[in-house]
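Below, each chain spelled out in residue letters.
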Amino acid sequence: MARITEVTAHVLKSYEYPNGGWVLVRLRTDEGVEGLGECFVPDSDGSGVFAAKELIDRRLAQEAVGQEALATAVVWERMYDACERLYDRRGMMIHAMSAIDMAVHDAAARTLNVPLYDLLGGRFRERVKVYVSSIWVDSASPEPAYASTEEYVGQGYGAIKYWGWPDFGHRPSRDTAILREIRARAGEDVDLMLDLGRPASLAEALRTARMIEDSGAEVYWWEEPLSSADDAANMAELTARTEVRIAAGESDMTAFAFRDLIERRAVDLLQPDLSWVGGLTEARRIAEMARLANIPVVPHNWGTAVNFAASIHLVAAMPRGFLCEYPITPRGTMEDWHKGPSPMMTELAARPVVVADGFASVPDGPGLGIELDEEAVARYIIDP
């Protein structure tokens, strides 16, 4: 049986994270098979991502090297035990082990010469609907957001998420008018999601939720209006008292954290990110818990083409999988728009996941089914 012989980690940068935002993990077996994984550390003003790389290099890699390539659960539990010894079962260690877990799954599927979805139990669908993430809204000048909405709808996308708009909810008349105009530009059949507005209290969140309800914009979900990690009780109260679908989970780590959200009915929709929740191992556990509780799951993804591919395989293998985040807009404020989408999504893979007419075709090659562009990888590595 093939065994893991090497785990390497490299920090990647792009314009939105000039100090590095992702760790790319490349895992090899004694049969020459390579597996890819990533973790995302959203520290745009610092270099926290190097802590994740150090944890991989100096601690977690040794828990994978020497293990069988198909022993995904064994490697995960060994790494999680290491987290316990460092008193870090909800922090940077989980980010770091997410990348290795993803790479182990990729290597295992490639060893068997099957697509990753087969390793996850099979494929329920050949295409996965994706939503555009995310159009920046400047409340003082919303026309570019309206134009972007029309552009993406014209390209065939049936779901779009919006962010920015830092004072969302503070001027109800203005905000209602913007929501209605976005809906008018999108048309009736496009799902609209909001990842904006961070109320300071439950009372403020409830007022903003009522404004969204009364706008008639038919918003599909409102994402993380309160903190699911630090303010779960108020999040649950908000979820119970509004008709707006409340989504959260991107910043929560491990299936244990999601178990608590499910038991409290804190949210209406769960958003685990494979690159920091604990990898595919934990994402599968979360998806099954959510299925039993009848709560939908839509993976969060603000990562690279690697995490996107893994997320598409997961949704394809979920009985009730229906949607995945596709971070294909410029990642920043209006000043960043000229820079275009992140090269982590557009350049990193020589053979990426194919997206057309608002759907991603599930790769049917071995493992993740994508291949890296080595020149692009070299351009964006900033290892010390």
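Look up a bit, the structure's there.
Computed from a predicted model, the values in this text were never measured in an experiment.

Novice: When you look at the overall build of the chain in this model, what are you seeing that I'm missing?
Specialist: Secondary structure assignment for the chain yields 13 helices and 14 strands. Rg of the C-alpha trace for the chain: 20 Å, near the compact-globule value of 21 Å for 384 residues, within the 12% margin. Once the C-alpha set of the chain is aligned to its principal axes, its extents read approximately 65 × 40 × 40 Å. Classification of the 384 residues of the chain by burial places 60% in the buried group. Looking at the chain alone, contacts between residues at least 24 apart form 73% of all its contacts between residues at least 6 apart. In the structure as shown, the chain presents an accessible area of about 14800 Å², 47% of it carried by carbon and sulfur atoms.

Novice: What is the right way to read the environment of Ile-100 from this model?
Specialist: With respect to the secondary-structure elements, Ile-100 resides in helix α3 (residues 92-112). Given the relative accessible area of 0%, Ile-100 is considered buried. It is 39 Å that separates the C-alpha atoms of Ile-100 and Thr-242, two residues lying 142 residues apart in sequence. Those residues within four positions of Ile-100 in sequence are excluded, and the remaining contacts are Val-7, Val-25, Ile-56, Leu-60, Ala-61, Ala-64, Val-75 and Met-79.

Novice: Teacher, can you tell me more about the nonpolar core here?
Specialist: Soluble globular proteins: nonpolar side chains tend toward being buried together. Counting residues in each nonpolar core, the largest one holds 92 residues, and the members touching the most others are Tyr-162, Leu-194, Ile-212, Leu-270 and Phe-308. For this core, the element with the highest residue contribution is helix α11 (residues 305-317), accounting for nine residues. In this structure, Tyr-162 is in contact with Ile-135, Val-137, Thr-149, Ile-182, Leu-192, Met-193, Leu-194, Asp-195 and Leu-196, ignoring residues within four places of it in sequence.

Novice: Please clarify how the side chain of Glu-204 should be interpreted in this entry.
Specialist: Inspection of the secondary structure puts Glu-204 in helix α7 (residues 202-215). Although Glu-204 is buried, it makes no salt bridge; Arg-207 carries the closest opposite charge, 4.8 Å away. If near-sequence neighbours (up to four positions away) are discounted, Glu-204 is found in contact with His-170 and Pro-199.

Novice: Would you mind going over helix α6 (residues 172-186) with me for this structure?
Specialist: An α-helical turn contains 3.6 residues, so a residue and the one three or four places further along point in the same direction. Taking 1.5 Å per residue, 15 residues should reach 21 Å; α6 reaches 21 Å between its end C-alpha atoms and fits that length. Buried within α6 are the following residues: Arg-174, Asp-175, Thr-176, Ile-178, Leu-179, Ile-182, Arg-183 and Ala-186. The positive-phi residue at the C-terminal boundary of α6 is Gly-187, with phi of around 90°.

Novice: In this structure, what is going on with the packing of aromatic side chains? I would like to understand it.
Specialist: Each aromatic ring pair is specified by the distance between its two centres and by the angle formed by the two planes. Evaluation of the coordinates by the stated rule reveals 14 aromatic pairs. Taken together, a centroid distance of 5.4 Å and an interplanar angle of 90° make the contact between Tyr-131 and Trp-221 edge-to-face. Residue Tyr-131 is found in strand β4 (residues 127-137), and its partner Trp-221 is found in strand β7 (residues 219-223); the two are separated by 90 residues along the sequence. With a relative accessible area of 0%, Trp-221 lands in the buried category. Measuring from ring centre to ring centre gives 4.7 Å for Trp-165 and Phe-168, while their planes differ by 75°; the resulting arrangement is edge-to-face.

Novice: Honestly, the pairing of strand β1 (residues 4-14) in this entry has me stumped. Any pointers?
Specialist: Side-chain direction in a regular strand flips from residue to residue, so the side chains alternate between the two faces of the sheet. Where β1 and strand β2 (residues 17-29) come together, nine bridges link them in antiparallel fashion. Paired with Glu-6 across the two strands is Arg-28, which belongs to β2. Counting the residues that bridge the hairpin from β1 to β2 gives two residues.

Novice: What should I look at first to understand the environment of Phe-256 in this one?
Specialist: Among the structural elements, Phe-256 can be located in helix α9 (residues 254-264). With 223 residues separating them along the chain, Phe-256 and Val-33 place their C-alpha atoms 32 Å apart. Among all residues touching Phe-256, those that are not within four sequence positions of it are Tyr-80, Arg-90 and Glu-282.

Novice: Before we go on, may I ask you to explain unusual backbone geometry in this structure?
Specialist: Peptide bonds are trans in most cases, and residues, glycine excluded, mostly fall at negative phi. Cis peptide bonds are those with omega within 30 degrees of zero, and the linkage from Ser-133 to Ser-134 qualifies with -10°. Summarising the element assignment, Ser-134 is placed in strand β4. With a phi angle near 55°, Tyr-87 is a residue other than glycine that sits in the positive phi range. Take Tyr-87: it is sitting in the loop between α2 (72-85) and α3. For Trp-165, which is not glycine, the phi torsion reads 45° and is therefore positive. By secondary structure assignment, the location of Trp-165 is in the loop between β5 (159-164) and α6.

Novice: Please explain helix α8 (residues 232-241) as it appears in this structure.
Specialist: Of the residues making up α8, those classed as buried are Ala-232, Met-235, Ala-236, Leu-238 and Thr-239. Looking straight down α8, one finds its buried side chains confined to an arc of 160°; they lie on one side. When the buried face of α8 is taken as reference, the exposed residues oriented beyond 90 degrees from it are Ala-240 and Arg-241. Where α8 is buried, its residues contact α7, β8 (246-248) and α9.

Conventions we followed
Residues numbered from 1 in each chain as written. Predicted model: local features only at pLDDT ≥ 70, side-chain atom pairs only at ≥ 80, totals over all residues. Heavy atoms only, no water. Helix = DSSP H or I, 4+ residues; strand = E, 2+ residues; numbered from the N terminus. Rg over C-alpha atoms; globule rule 2.2 N^0.38 Å. Buried < 20%, exposed > 50% of the residue type's maximum accessible area, 1.4 Å probe, protein only. Contact = heavy atoms within 4.5 Å. Areas by Shrake-Rupley, 256 points an atom, 1.4 Å probe, with all protein chains shown as cover. Core = buried A, V, L, I, M, F, W, Y, C linked by side-chain atoms within 4.5 Å. Lys, Arg positive; Asp, Glu negative; His and termini not counted. Salt bridge = Lys/Arg side-chain N within 4 Å of Asp/Glu carboxyl O. Expected span 1.5 Å × (residues − 1). Phe/Tyr/Trp six-rings, centres within 6.5 Å; stacked < 30°, edge-to-face > 60°. Pairing = 2+ DSSP bridges. Arc of directions from axis to C-beta.

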